[in-house]
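# Structural description and commentary
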Amino acid sequence: METLDIFHQIEAEMLNPKYYFQSLIEQAYYYGLLSDKELCAVQTDLLLILTEQTDKWSRGESSSIPTEKAQDIMTSILFAIGIQLKSYQTPEQAIKILKSEPLKSLFENGLKLINRKMTVSRHLQKRILHHLLDTPNVYYRSTIADGINGFFKLYCPQFAAHEIHITADYPVFIGRPELEGIEFIEKYLRCIQAENAFCVCFAPQDIHHLLCGLTQDYRSIPLNIFEPVLLSALGLIIQKRNPKQLDLNKNDISILHQLFSGQSENEVQSCLKKALFYLNEKMDLPYISMQYASLCIPKLTVIILNAVKMKTLDKVFLTPAYPEQEPHIILSYGDRMNDKEYQKLIEKILQTNSSKQKIALILNEIHSIADLLDILSDAELYTNEFDLLINMMPLPTFAMLLSQYPNDAFFARESEQFLFIALQKRKQQLSAEETLQIDHFPKNAVLKH
């Protein structure tokens with residue numbers, strides 16, 4: 001076997017991390033590091049491994065399997081060999097090993113390496129969960145705990161080493177890893193580890209208030225938590241303020257806008273790097289978080305410059321919001337009318353010919369959410385009467401009903417369809433100020449009238 005005498009002829013950056021083996025073979029053949037004969041031998045060995053694997057998959061019960069499954073098993077074989085070849089220092093060394101060792105040995109060693117990576121990833125997940133950020137965002141824990149557990153439960157390196165099986169709904173800031181199988185999970189968990197270690201340096205309640213500054217519905221949105229926390233801390237450091245409380249104000253953001261408006265991309269990057277250095281001096285951040293945050297600086301720079309251009313820097317550097325301090329206007333679920341009173345009101349409404357009088361009776365006599373929802377079903381109102389009632393309702397009451405009927409799916413009664421249409425009509429006629437007020441009303445709050 002000839003010794004390779006070409007030093008780093010294959011550029012590692014040209015190799016596809018998802019399909020490493022295939023791209024390595026392609027580049028090696030292109031540069032003449034693999035002959036036609038050697039390439040043919042590799043292809044023959046792959047078919048022999050595929051035959052063995054398909055036999056194991058069918059447990060020797062069938063000499064043929066579906067074409068799609070055979071292709072899937074071949075992809076798994078290529079992935080496992082690629083894992084092993086990636087473990088060598090250079091692409092040239094990987095080609096040298098490929099030409100000197102049986103392909104089956106590389107496949108078996110690749111499976112062993114995959115199993116080691118699974119063990120490491122399991123331990124990494126446990127360490128993260130032991131110090132997991134306390135956040136009401138449903139995607140955070142459910143992905144890191146349940147999602148990753150689901151991967152390990154379904155993962156089958158022997159026949160589907162390239163499969164991920166899970167969606168990994170929580171987005172890491174640096175971007176979804178362009179990898180497959182256990183490599184994806186390993187890289188994903190490394191990103192989570194760095195982001196989580198950074199975020200737990202701050203009080204969960206401060207992070208909660210910061211994210212409420214974006215939207216109070218952040219609990220049910222798959223948003224990245226690390227980005228606004230890091231940006232807030234860096235913004236405070238730039239302002240020479242204590243970063244621990246994550247409490248930027250509007251004046252701070254105005255100053256940041258002026259600062260970044262006059263800077264080039266290189267200048268913004270330099271500013272952020274210095275701020276990160278001083279943030280680390282101030283808070284003694286975990287090493288892995290510092291390394292990760294440094295990798296994020298170019299992406300943060302682009303985000304900031306785009307926000308400056310669009311004059312939306314307040315959507316990047318967030319100011320905290322405190323929804324628990326907002327007044328809660330509540331129409332009681334209790335204090336329902338007794339059956340006699342309710343029946344008497346229904347009879348009055350049914351006997352009244354005037355639409356305005358019907359609506360007045362409802363608005364004056366009803367004082368609980370439960371009675372309101374019942375009366376809208378039982379009063380046999382016409383569509384124009386629904387329109388009149390909805391338009392006369394106080395804005396908080398309207399907001400509550402709007403949240404109760406967000407779409408027209410699964411309506412059991414015609415009255416609900418009429419109500420939905422009336423709600424949508426008023427919604428379309430709202431002023432910008434009224435829309436803003438509705439967005440800030442608690443979803444379950446209405447006005448007691």
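Residues numbered from 1 in each chain as written. Predicted model: local features only at pLDDT ≥ 70, side-chain atom pairs only at ≥ 80, totals over all residues. Heavy atoms only, no water.

## Some details on the pattern of salt bridges
Put simply, the test is: Here, a salt bridge means any Lys or Arg side-chain nitrogen found within 4 Å of an Asp or Glu carboxyl oxygen. In this description a helix means any DSSP run of H or I spanning at least four residues, a strand means any run of E spanning at least two, and both kinds are numbered starting from the N terminus. Burial classes: relative accessible area under 20% of the type maximum marks a residue as buried, over 50% as exposed, and values in between as partly exposed (1.4 Å probe, protein chains only).
Counting across every chain of the model gives nine salt bridges. Measuring nitrogen to oxygen at the nearest pair gives 3.8 Å for the salt bridge that ties K69 to D72. Taken as a pair, K69 and D72 lie in helix α3 (residues 67-86) at a separation of three residues, close to a single helical turn. Ionic pairing is found between R241 and D247, a salt bridge with its closest N-O pair at 3.2 Å. The partly exposed category is assigned to R241, whose relative accessible area is 27%. One salt-bridge network, in which partners are shared between bridges, spans R241, D247 and D252.

## A few points about the side chain of K358
Keep this limit in mind: In what follows, residue pairs with any heavy atoms lying within 4.5 Å of each other are defined as contacts.
Tracing the backbone shows K358 in helix α15 (residues 355-365). Accessibility expressed as a relative area gives 7% for K358, which makes it buried. The contact partners of K358, leaving out residues within four places of it in the chain, are I349, T352, L381, Y382 and E385.

## Re the packing of helix α5 (residues 103-130) against helix α6 (residues 138-154)
To be explicit about the condition: With axes taken as lines fitted to C-alpha atoms, and helix axes fitted only over the stretch in contact, angles between N-to-C directions fall between 0 and 180 degrees. Roughly parallel means an angle under 35 degrees; roughly antiparallel means over 145; roughly perpendicular covers 65 to 115; every other angle is labelled oblique. Throughout, a crossing is termed right-handed when the near helix is turned clockwise from the far one, and left-handed when it is turned anticlockwise from it by less than a right angle. Classes in brief: Ala, Val, Leu, Ile, Met, Phe, Trp, Tyr, Cys and Pro nonpolar; Asp, Glu, Lys and Arg charged; the others, Gly included, polar.
Interhelical geometry of α5 versus α6 gives an angle of 160° and a closest axis separation of 11 Å. Relative to α6, α5 is oriented roughly antiparallel. Of the two elements, α5 crosses α6, and the hand of that crossing is left-handed. Counting all contacts with α5, which are made through M118, S121, R122, Q125, I128 and L129, the residues of α6 involved are R141, I144, A145, I148, N149 and F152. Of the residues contributing to the contact of α5 with α6, the split by class is seven nonpolar, three polar and two charged.

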